[in-house]
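Residues per chain are reported as follows:
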Amino acid sequence: MQKTTFEQRSSLCFKHFTRKGYALFSCLGREVVIGTLSVATLSNARAEGVSVQTEKADDTLQRTELKLDEVVVTGSRAPLTQAEAAKIVSVITRDEIQRAAVESVNDLLKTVTGVDVRQRGGFGVQTDISIGGGTYDQVAILLNGVNISNPQTGHLSADFPVSLDDIVRIEIIEGASSRVFGASAFNGAINIVTRGKENTGGSVSAEGGSYGTFGMTARGSVKSGMTSNSLSAGYKQSDGGTDNSYFRKSQAFYQGSYDGNLTLSWQLGMSTMRYGANTFYSAAYPNQYESNARIFAAVNADATTTLAGGRTVHIVPTLYWNRSYDHFQLTRGMAAGENFHRTDVYGISITAYTDWRLGRTAFGADVRQEGILSTNLGRPLQENEYVTVAGHGDKNYTKREQRTDVSYFIEHNILLNRFTASIGMVANMNTAYNSSFRLYPGIDMSYRPTKAWKMTASWNMAFRMPTFTDLFYKSPTQEGNKDLKPEKTQSLRIGAQYRSKGIEARLTGFYDWGTDMIDWVMYSATDIYHSANFKLDNRGYEVNISLLPQEIWAQNAVTRLRIGYAYIDQERKDDVEFFKSNYAMEYLRHKFVAGIDHRIVGCLTATWNFRWQQRMGSYIIYENNKSTGVSKPYAPFGLLDVKLMWTKPRYELSIAMNNVTSYRYYDLGNVSQPGFWLMAGAKIKIGK
């Protein structure tokens, strides 16, 4: 597998010199990198992935953002270069992360055309993330290629143990991807790639602003010979922008790597969060409370061996563990409606791939063990089997559930000059579902008629096991269903991408045939929510256009102009009547995004992001914490965010203004979202 080696020297990457006579001197004392980069497949992504952010030079380089158009990740089991890739993957670069007026990964994903982000409070707390009309449970969340999705509920999957400052890029794959990333990638995958290998150095940043918000982040890295290590830690707190939406959260993340004959990488993450869970399960209980904690560890390797005849085989094993704690109170400080959960996920996978005369073949296996101890979820334990809840000596876990997911996969990639076909299949067995193997095939194809154009088409089958919450949860406002069937889908996607000097455009369309789709619904205005299976088809299209003026004229003040639009339509294929859907049938019908990045003067730059959307579905109107039995459709809304940045080699200053027009809107339940808020931040860089 091709890899990029980072030296200890500072590197200056560029496409153009400025036209100033002294511009060449900006290269003195630096290594100059000119060329094309490629990144391995997402399933092999690790912390040493390529950064797409340049070092900030002085104003002799007017273009501080470098668009590495050749950096592409794919959704295949074996690594493919950009010229070979059979899928189009959306990438949020490091520079875009820095420029965006956001406070969390969740807020950042709102700027992506095909991603739906719903939240009950500001600053990325209590957030659900979905893709292409799906639900928050149907997206695989990956950290450096390792699946960290939570089998208790997708509500907790977006609790990331990393800060924005740790991330080098975010990769988004839309569409059914179970044959590549496992069952949780039912409707797509989001992979967060952290910085990984860096020169020795570090940074300290702080921010503060509206609603009593304050946060600090520190990170440092050390590189010595073939070994690299980095460590970061952060803390943030806020009173929240709505009633009972305060939070206190912290995270720490460590990763290291060794590059010798055997490449090793490892990572360890921890996070905690305490927050007011405003109307999390029902507006009848406005004073809900929740606290979460997560511990995540993973190690993987990349080794090569040569078989008889000289053929090289790459072997990539991965081992990981993810534990999460969840403490929920329906009414803060009261035992009634209180739940404790501890979830453990253990996983091991091994992938092998090799090149031969007919292309590139990958094969391997994944084993994932999911288990939960709970006071609410699972099957009852005998009294002598009870487990004490850590930190609450008078409380016991009285229920348990476990399941094992085993997958064997094979994939073959046909690699021709202008055409790629990635054909694969996964055989999956889950001990909670008849313990028999089922086959889920798929094919992705791309055709490149010219250097600028790329056409793609794919058909894939996917599946998803119900979460433990779907199956077992019971409260005064919700009731799970132990007889739920796993979700299944067939997904067809076609697309076209055009890339030329100064312009980038992409058009995609999809149709998903969903069977046994899971949603929480009320069958009448006075009912509670029940989890149930439905037959739903989703279809739609998405268009994105970006203009890059600096590729035509390097001294242009505008870095990028972009617009995007997504349309989704849903069709039910069953006749089950209900009063209200809570998730699956409350999809975004329309979403429009637009943005501009530009330099104002000297080192001062600005980023403007606008988002307009219209959601299907409705929310129930409550008066005095009691339902009126009347539902109101979600109204469309538009939001404008602005960020100003003053960037120097040793420090950065920023001011972010979110929801500039202070528009109050509803997007999940009957919680009015925050109006205008202002954040100011500073960052100091240490070392090279």
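Since the model is a prediction, treat every value here as computed from it, not as a measurement.

Chemist: Could you give an account of the overall build of the chain, naming the residues involved and the relevant values?
Modeler: What the chain contains, in helices and strands, is 4 helices and 40 strands. Going through the 688 residues of the chain one by one, you find that 58% of them count as buried. In the chain, the share of contacts with a sequence separation of at least 24, taken over all contacts with a separation of at least 6, comes to 64%.

Chemist: Could you give an account of the sheet that holds strand S8 (residues 167-174), with specific residues and numbers?
Modeler: Sheet architecture is open: 5 strands sit in the order S3-S8-S9-S6-S7, paired in mixed fashion. Edge positions in the open sheet fall to strand S3 (90-93) and strand S7 (146-147), since each of these has one partner strand only. The pairing of strand S6 (residues 140-143) with strand S9 (residues 188-194) spans 4 bridges and is parallel. Each bridged residue has a counterpart across the sheet, and for Leu143 the counterpart in S9 is Ile192.

Chemist: Explain the confidence of the model for the chain to me, using residue names and the numbers behind them.
Modeler: Summary statistics for the chain give a mean pLDDT of 86 and a share of 89% for residues scoring 70 or more. Low pLDDT, under 50, characterises residues 1-72; the stretch is placed with 182 contacts to residues that sit more than four places away or in other chains.

Chemist: Just give me the short version of the pairing of S9, but keep the residues and values in it.
Modeler: Buried residues dominate S9, accounting for 7 of its 7 residues. Along S9, one buried face is formed by Gly188, Ile190, Ile192 and Thr194 and the opposite face, lined by Ala189, Asn191 and Val193, is buried too. One ladder, built from 7 bridges, connects S8 with S9; its direction is antiparallel. From the neighbouring strand, Ile173 faces S9, where its bridge partner is Ala189.

Chemist: A description of the environment of Gly220 should follow, citing residues and the corresponding values.
Modeler: With respect to the helices and strands, the residue Gly220 is situated in strand S11 (residues 213-224). On the basis of relative accessible area, Gly220 is assigned to the partly exposed category, the value being 27%. Those residues in contact with Gly220 that sit more than four places away from it in its chain are Gly201, Gly202, Asn229, Ser230 and Leu231.

Chemist: I'd like to hear about the pattern of salt bridges, residue by residue, with values.
Modeler: Summed over all chains, the structure comprises 38 salt bridges. Among the ionic pairs, Glu96 bridges to Arg560, the shortest N-O distance being 2.5 Å. With Glu96 in helix H1 (residues 94-99) and Arg560 in strand S32 (residues 558-572), this residue pair connects regions lying 464 residues apart in the sequence. Its relative accessible area of 12% is what places Glu96 among the buried residues. Classification of Arg560 as buried rests on a relative accessible area of 11%. Between Asp355 and Arg360 there is a salt bridge, with the nearest N and O atoms lying 2.4 Å from each other. In this structure Asp355 comes out as partly exposed when scored by relative accessible area, which is 42%.

Chemist: Can you explain a nonpolar patch on the surface? Please cite residues and give values.
Modeler: Taken together, the side chains of Val204, Phe214, Met216, Trp646, Tyr651, Leu653, Ile684 and Ile686 present a nonpolar region at the surface, about 700 Å² in accessible area. Note that Trp646 resides in strand S38 (residues 637-647). For Trp646, a relative accessible area of 32% puts it in the partly exposed group.

Chemist: Give me the lowdown on the packing of aromatic side chains, citing residues and values where you can.
Modeler: Counting across every chain of the model gives 12 aromatic pairs. Judged by centre distance (5.8 Å) and plane angle (40 degrees), the ring pair of Tyr408 and Phe437 falls under tilted. In this pair, Tyr408 sits in strand S22 (residues 399-415) while Phe437 sits in the loop between strand S23 (419-430) and strand S24 (438-447), placing the two residues 29 residues apart along the sequence. With a relative accessible area of 43%, Phe437 lands in the partly exposed category. Residues Phe637 and Tyr665 carry aromatic rings whose centres are separated by 4.1 Å and whose planes lie at 25 degrees to one another, so their mutual orientation is stacked. Of this pair, Phe637 sits in strand S38 while Tyr665 sits in the loop between strand S39 (651-658) and strand S40 (677-687); the two residues are 28 residues apart in sequence, bridging distant segments of the chain. Given a relative accessible area of 3%, Phe637 falls into the buried group. Residue Tyr665 is classed as buried on the basis of its relative accessible area of 9%. Within the aromatic cluster, the residues linked to one another by ring pairs are Tyr541, Tyr565 and Tyr567.

Chemist: A description of the side chain of Ser291 should follow, citing residues and the corresponding values.
Modeler: With respect to the element layout, Ser291 can be found in strand S15 (residues 289-306). Among residues more than four places away in sequence, those in contact with Ser291 are Met273, Arg274, Tyr325, Asp326 and His327.

Chemist: Can you tell me about the sheet that holds strand S33 (residues 580-581), naming the residues and giving the values?
Modeler: Strand order across the open sheet formed by 4 strands is S26-S30-S29-S33, with mixed pairing between neighbours. The open sheet terminates on both sides in strands that have one partner only, identified here as strand S26 (478-479) and S33. One ladder, built from 2 bridges, connects strand S29 (residues 517-522) with S33; its direction is antiparallel. Paired with Met522 across the strands is Lys580, a residue of S33.

Chemist: Can you tell me about the nonpolar core, naming the residues and giving the values?
Modeler: Of all hydrophobic cores here, the largest spans 31 residues; its most connected members are Leu109, Ile170, Ile172 and Ile190. Contributions of two or more residues to this core are made by helix H2 (105-109), strand S4 (115-119), strand S5 (127-131), S6, S8, S9 and S15. Setting aside residues no more than four positions away along its own chain, Ile190 makes contact with Leu109, Ile129, Ile131, Val139, Ala140, Ile141, Leu142, Ile170, Glu171 and Ile172. Grouped together as the second largest cluster of nonpolar side chains are 28 residues, Met273, Phe472, Ala656 and Trp677 included.

Chemist: Outline unusual backbone geometry, listing residues and values.
Modeler: Even without a glycine there, the phi angle at Asn244 is positive, about 50 degrees. For Asn244, the location among the structural elements is in the loop between strand S12 (227-238) and strand S13 (247-259). Notably, Asn434 is not glycine yet its phi reads approximately 70 degrees, a positive angle. Along the chain, Asn434 falls in the loop between S23 and S24. Residue Asn434 is classed as exposed on the basis of its relative accessible area, which comes to 58%.

Chemist: Before we move on, could you go through the environment of Asp483 and cite the residues and values that matter?
Modeler: Within the element layout of this structure, Asp483 appears in the loop between S26 and strand S27 (487-500). Note on Asp483: relative accessible area 66%, which makes it exposed. In this structure the C-alpha to C-alpha distance between Asp483 and Pro466, which are 17 residues apart in sequence, comes to 9.9 Å.

What counts, and at which threshold
Positions within a chain are numbered from 1, following the residues in the order the chain's sequence is written. Given that the model is predicted, a residue must reach a pLDDT of at least 70 before its local features are reported, and side-chain atom pairs must reach 80 or more before they are shown or counted; all residues, however, enter totals for whole chains, interfaces and linings. No hydrogens and no water enter the side-chain calculation; it runs on all heavy atoms of the structure. Only DSSP runs of H or I covering at least 4 residues are called helices, and only runs of E covering at least 2 are called strands; the numbering of each starts at the N terminus. Summary of the burial criterion: residues with accessible area below 20% of their type's maximum are buried, those above 50% are exposed, and those between are partly exposed, where the area comes from a 1.4 Å probe applied to protein chains only. We call two residues in contact whenever any of their non-hydrogen atoms come within 4.5 Å of each other. When DSSP locates at least two bridges between a pair of strands, those strands are taken to pair. Each residue carries a pLDDT score, the predictor's confidence in it, ranging from 0 to 100. Salt bridges are defined as contacts in which a side-chain nitrogen from Lys or Arg sits within 4 Å of a carboxyl oxygen from Asp or Glu. To count toward a patch, a residue needs a relative accessible area over 30% and no salt bridge; like charges are then connected within 9 Å, while nonpolar side chains (Val, Leu, Ile, Met, Phe, Trp, Tyr) are connected within 5 Å. Areas reported here follow the Shrake-Rupley algorithm with a probe of radius 1.4 Å; residue values treat only the protein chains shown as occluding. In this scheme Phe, Tyr and Trp rings, the latter by its six-membered ring, pair at centre separations within 6.5 Å, and the angle between planes marks the pair as stacked below 30 degrees, edge-to-face above 60, and tilted otherwise. Among the buried residues, those of types Ala, Val, Leu, Ile, Met, Phe, Trp, Tyr and Cys that are joined through side-chain atoms within 4.5 Å form a nonpolar core.

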